[in-house]
Amino acid sequence: GSSLGKLRTREEQDEYETEWHSRIYTPAWEELHTKFAQYSVLWQNQVFMNMRQLEACYPQFPDEKEFLNHIQGLGLEDGDLRILSRFGIEKQRLEVGGRLLPGLIQLYQWLHTHLSHLVTMDRAYNKLNIGRVIQLASRRVDPSLQDLYNRVKEQYNQYVELVGGAIGQGACAAVRRGNRIYTIADDLPLVHFLSDFEDEGEGNDWLYAVIRDIAEAQNLFVQTLYAGIGENERNHPLARLLPSEVTHIYPAEANEHSCIVGKQQIYRGLSDFLQLVRSRQEQSSAYRVAGSPLNTSIKLMSLSGEGILPRPSLSFNLNYLQEDIVSIYLAGRPIIEDVSNLRSVFKFRQEKTASINTQPS
């Protein structure tokens, strides 16, 4: 009682109860469950019955993946909550791509500027690997290049795995020529990372292909957002959250602020998105907008035939959540235009001039 008397607001009380449940109750319950569940007589003990009833009083807050999957399953694609629905589908791709894009462009431009006329086609194909080139260039030219490469490689590989190695927009993306991409490894030939042919979609061009894919994903989402509101619908509830005109930037101007979900903050173990979701949680047992309650029931081991102990359903105001998402993640995000102008066909060395020496100095 003395502790609760010090909690002046509902938020402080919620935080206290959450901490108590996760740090005290749950570990104790799991320990008892592990040690004594094999003894059927204990399941009829009043202590166990009380603990199971107590657990059922606490809603199980979903993690981000569970929440997004639930949103996708509500069938909101054509209704007033279609932006929320699309965000649920695209968030992870936009997030990883938004973190990757600025550094990826920087690495692409560095390779095509600083190595121009220094590497022959034969060496790029058969003798130089990307890891060795970066290591040498970091040691002799730009000490920050190694950190940039390591960061881009990690995020690039995450993006490739996320899209299943198939870039492009639409269901047929995976089967179109030039749309297969692969993860970066240090021992891969340098040529994979260069625009080695005049025409897009030919040759290697791994970095540029992903740059274009990320930009197209963002552009399509921004265009969908404004198309959903419509030019003559300034009374649309989302219209007041958006600038009157879409801004445009060149690829080299992209940063974490211009990309959708380019940066994430973690507070008390929750991503900024889950903090946003939690702020729109309501107390009723069903959604007040379209959709069914989020089922958070959990099946507990029971030797007495009790089966499922239902927990209270969490409910969220999805209309307000959609407005929050538009305001925080989407409003003011630009169209990334003229991506093809970023592409620079690599200039291989044609004669015996200075070149990268791969022997240790």
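Residues numbered from 1 in each chain as written. Predicted model: local features only at pLDDT ≥ 70, side-chain atom pairs only at ≥ 80, totals over all residues. Heavy atoms only, no water.

Caption draft 1: Summary view of the overall build of the protein chain. When helices and strands are tallied, the protein chain shows 11 helices and eight strands. A buried classification covers 43% of the 361 residues belonging to the protein chain. Here the contacts in the protein chain between residues at least 6 apart in sequence split such that 75% fall between residues at least 24 apart. Accessible surface, the protein chain: about 19,700 Å² in total, of which carbon and sulfur atoms supply 49%. (Helix = DSSP H or I, 4+ residues; strand = E, 2+ residues; numbered from the N terminus. Buried < 20%, exposed > 50% of the residue type's maximum accessible area, 1.4 Å probe, protein only. Contact = heavy atoms within 4.5 Å. Areas by Shrake-Rupley, 256 points an atom, 1.4 Å probe, with all protein chains shown as cover.)

Caption draft 2: View of the packing of helix H7 (residues 130-140) against helix H8 (residues 145-162). Their axes nearest at 8 Å, the elements H7 and H8 cross at an angle of 150 degrees. Here H7 lies roughly antiparallel to H8, going by the angle between them. Here Ile 130, Gly 131, Ile 134, Gln 135, Ala 137 and Ser 138 of H7 come into contact with H8, specifically with Leu 145, Gln 146 and Tyr 149. Classifying every residue of the contact of H7 with H8 by side-chain character gives five nonpolar, four polar and no charged. (Axes fitted to C-alpha atoms, helices over the stretch in contact; angles between N-to-C directions. Parallel < 35°, antiparallel > 145°, perpendicular 65-115°, else oblique. Nonpolar A, V, L, I, M, F, W, Y, C, P; charged D, E, K, R; others polar.)

Caption draft 3: Helix H11 (residues 318-330), seen in detail. Listed in full, the buried residues belonging to H11 are Leu 318, Leu 321, Gln 322, Glu 323, Asp 324, Ile 325, Val 326, Tyr 329 and Leu 330. Check the buried side of H11 and you find it contacts helix H4 (64-72), helix H5 (82-114), helix H9 (206-229), helix H10 (272-279) and strand E7 (315-316). The backbone nitrogen of Asn 319 lies 3.2 Å from a side-chain oxygen of the residue at the head of H11, namely Asn 317. (Polar contact = N/O pair within 3.5 Å; in protein donor to acceptor, adjacent residues only side chain to side chain.)

Caption draft 4: Highlighting the packing of aromatic side chains. Within this structure, the stated rule accounts for 10 aromatic pairs. Ring plane angle 80 degrees and centroid distance 6.3 Å describe the contact between Phe 87 and Phe 221, whose orientation is recorded as edge-to-face. A residue pair is termed long-range when its members are at least 10 positions apart, and Phe 87 in helix H5 and Phe 221 in helix H9 qualify at 134 residues. Taken together, a centroid distance of 5.8 Å and an interplanar angle of 40 degrees make the contact between Tyr 182 and Trp 206 tilted. One end of the pair, Tyr 182, is in the loop between H8 and H9; the other, Trp 206, is in helix H9, and 24 residues separate them in sequence. Given the relative accessible area of 10%, Trp 206 is considered buried. The rings of Phe 67, Phe 87, Phe 221, Phe 273, Phe 316 and Tyr 329 are connected pair by pair, giving a single aromatic cluster. We note Arg 343 situated over the ring of Tyr 208; from NZ or CZ to the ring centre the distance is 5.8 Å. (Phe/Tyr/Trp six-rings, centres within 6.5 Å; stacked < 30°, edge-to-face > 60°. Lys NZ or Arg CZ within 6 Å of the ring centre and 35° of its normal.)

Caption draft 5: Highlighting H8. Taking 1.5 Å of rise per residue, 18 residues should cover 26 Å, and H8 covers 25 Å from first to last C-alpha, within 8% of that figure. All buried positions along H8 are accounted for by Leu 145, Leu 148, Tyr 149, Val 152, Gln 155, Tyr 156, Asn 157, Tyr 159 and Val 160. Taken together, the buried residues of H8 touch H5, H7 and H9. (Expected span 1.5 Å × (residues − 1).)

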